[in-house]
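# Descriptive analysis of the structure
Okay, here's what each chain looks like letter by letter:
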Amino acid sequence: MDSFYAFALRNYRVGKIDKALKLIDQCIKIDNKNPYFFELKGQILFENGMIIESIPQFRKAIELNPSEKSFRLFLAKSLYHMNKKTSYSESIKILLSYIKEDDFPYEAWHYLGLNYGKLKKPDYSSYALAEKYLLVNQIKNAKIHIQRAKKISKDPVLINKISDLEKEIQKRESR
């Protein structure tokens, strides 16, 4: 089975997608309790534009190993790319949970910003993108998004979060 997995990975990396999928399906047939087989299949499908088909794979991986954070990030990204309002909402819920648990949730903040943008919540979108840019120390970009969010937001909780970001930037700039 290890050789099937290794060959699936190798074929995937060299662009032999059909062969990789057949091999990973063999792995799943042998051991359908291994979440990493489902994760790899989901990844192959996602990266080759088969978004709808990738989602059940990531859900199965999560079901088998709920503590593996990366599975949830993959699912959230797939849901975003579904381009459906309900998918954006589910993706946001997953990303908000993921952000609380990850030490460096750069990509999660990015996708959170994209999801909020699709739901026509530009203040939340800009806030999420400001968080992303602050995380990678791109202060100029963070400030741009903070200003956008401040101009349009009426949400007192969000305004408070934006204020916290501004304080963090001031702290960094005064060092």
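Further up the page is the structure itself.
All of the points below concern the structure found in this document. Values in this document were obtained by computation on a predicted structure and should not be read as measured data. (Residues numbered from 1 in each chain as written. Predicted model: local features only at pLDDT ≥ 70, side-chain atom pairs only at ≥ 80, totals over all residues. Heavy atoms only, no water.)

## Some words on the overall build of the protein
Worth spelling out the cut-off: Only DSSP runs of H or I covering at least 4 residues are called helices, and only runs of E covering at least 2 are called strands; the numbering of each starts at the N terminus. In this scheme, a residue with accessible area under 20% of its type's maximum is buried, one over 50% is exposed, and one in between is partly exposed, where area comes from a 1.4 Å probe on protein chains only. Should any heavy atoms of two residues lie within 4.5 Å, those residues are considered in contact. Throughout, the Shrake-Rupley method with a 1.4 Å probe supplies accessible areas, and for residues the shown protein chains are the sole cover considered.
Of the regular secondary structure elements, the protein holds ten helices and zero strands. Its C-alpha atoms give the protein principal-axis dimensions of roughly 55 × 35 × 30 Å. Across the 175 residues of the protein, 46% fall into the buried class. Within the protein, contacts between residues separated by at least 24 positions form 47% of all contacts whose residues are at least 6 apart in sequence. Approximately 10,000 Å² of the protein is accessible, and the part contributed by carbon and sulfur atoms is 52%.

## Quick word on the side chain of Arg72
Tracing the sequence through the fold places Arg72 in helix α5 (residues 69-80). Not counting chain neighbours up to four residues away, the residues in contact with Arg72 comprise Ile62, Pro66, Ile94, Ser97, Tyr98 and Glu101.

## Focus: the side chain of Ser54
What counts is decided by this rule: Identification of polar contacts relies on pairs of N or O atoms within 3.5 Å, with a donor-acceptor requirement for protein atoms, meaning one able to donate a hydrogen and the other able to accept it, and with residues adjacent in sequence counted only if both atoms are side-chain atoms.
With respect to the element layout, Ser54 can be found in helix α4 (residues 51-64). Given the relative accessible area of 0%, Ser54 is considered buried. Looking at Ser54, its side chain comes within polar contact range of the main-chain oxygen of Ile51, at 2.7 Å. Sequence-distant contacts of Ser54, defined by excluding residues within four places in its chain, comprise Gly42, Leu45, Phe46 and Ser78.

## Examining helix α3 (residues 35-47)
Note the threshold: To estimate the expected span of a helix, subtract one from its residue number and multiply by 1.5 Å.
Between its terminal C-alpha atoms α3 stretches 18 Å, which fits the 18 Å expected from 13 residues at 1.5 Å a residue. Most of α3 is tucked away: eleven of the 13 residues are buried. Of the surrounding secondary structure, the elements contacted by the buried residues of α3 are α1 (2-13), α2 (17-30), α4 and α5. With a side-chain oxygen lying 2.8 Å from the backbone nitrogen of Tyr36, the N-terminal cap of α3 falls on Asn34. Immediately downstream of α3, the backbone of Gly49 shows phi near 80 degrees, a positive value.

## Side note on the packing of helix α9 (residues 139-152) against helix α10 (residues 156-173)
Note the following rule: Lines fitted to C-alpha atoms define the axes here, with helix axes fitted over just the stretch in contact, and angles between the N-to-C directions of these axes take values from 0 to 180 degrees. Any angle between 65 and 115 degrees counts as roughly perpendicular, while under 35 counts as roughly parallel, over 145 as roughly antiparallel, and the rest as oblique. Left-handed describes a crossing whose near helix is turned anticlockwise from the far helix by less than a right angle; the clockwise case is right-handed.
Direction vectors running N to C along α9 and α10 enclose 150 degrees, while the axes themselves pass 10 Å from each other. Our classification of the angle between α9 and α10 gives roughly antiparallel. You can see that α9 and α10 cross each other, and the crossing is left-handed. Contacts between α9 and α10 pair Ile139, Ala142, Lys143, Ile146, Gln147, Ala149 and Lys150 from the former with Ile162, Leu165, Glu166, Ile169, Arg172 and Glu173 from the latter.

## With respect to the nonpolar core
Definition in use: What makes a nonpolar core is a set of buried Ala, Val, Leu, Ile, Met, Phe, Trp, Tyr and Cys residues whose side-chain atoms join them at distances within 4.5 Å.
One finds Tyr12, Ile24, Leu40, Ile44, Leu75, Leu95 and Leu112 to be the most contacted residues of the largest nonpolar core, which totals 55 residues. When near neighbours in sequence (up to four residues on either side) are disregarded, Leu40 contacts Tyr5, Ala8, Leu9, Tyr12 and Ile24.

## A short note on the packing of aromatic side chains
Ring pairs (aromatic) are described by centroid distance and by the angle formed between their planes. Short version of the rule: We call Phe, Tyr and Trp rings a pair once their centres come within 6.5 Å, taking the six-membered ring for Trp, and we label the pair stacked below 30 degrees between planes, edge-to-face above 60, and tilted otherwise.
Applying the stated criterion across every chain, the model contains eight aromatic pairs. A centroid spacing of 5.4 Å and a plane angle of 65 degrees characterise the contact between Tyr36 and Phe71, whose relative ring orientation is edge-to-face. Here the residue Tyr36 occupies a position in helix α3, and Phe71 occupies one in helix α5, the gap between them amounting to 35 residues. Owing to a relative accessible area of 0%, Phe71 belongs among the buried residues under this scheme. Three or more aromatic residues joined by ring pairs form one cluster here, namely Tyr80, Tyr88 and Tyr111.

## A word on the layout of surface pockets
Condition: Lining residues are those with an atom within 4 Å of a point, where the points come from a 1 Å grid over the protein atoms alone and group into cavities, where a 1.4 Å probe fits but cannot get out, or pockets, open sets with protein on both sides within 12 Å along at least five of seven lines. Grid points are joined across faces, edges and corners, and a volume is the space filled by probe spheres set on the points. Under this grouping Gly is polar, as are all residues other than the nonpolar Ala, Val, Leu, Ile, Met, Phe, Trp, Tyr, Cys and Pro and the charged Asp, Glu, Lys and Arg.
The calculated volume of the largest pocket comes to roughly 180 Å³. The wall of the largest pocket is formed by Leu96, Ile99, Trp109, Leu112, Tyr116, Tyr124, Tyr127, Ala128, Asp155, Val157, Leu158 and Lys161. Of all the secondary-structure elements, those providing two or more residues to the lining of the largest pocket are α6 (85-101), α7 (106-118), α8 (122-135) and α10. Residues belonging to the lining of the largest pocket are distributed by class as follows: ten nonpolar, no polar and two charged.

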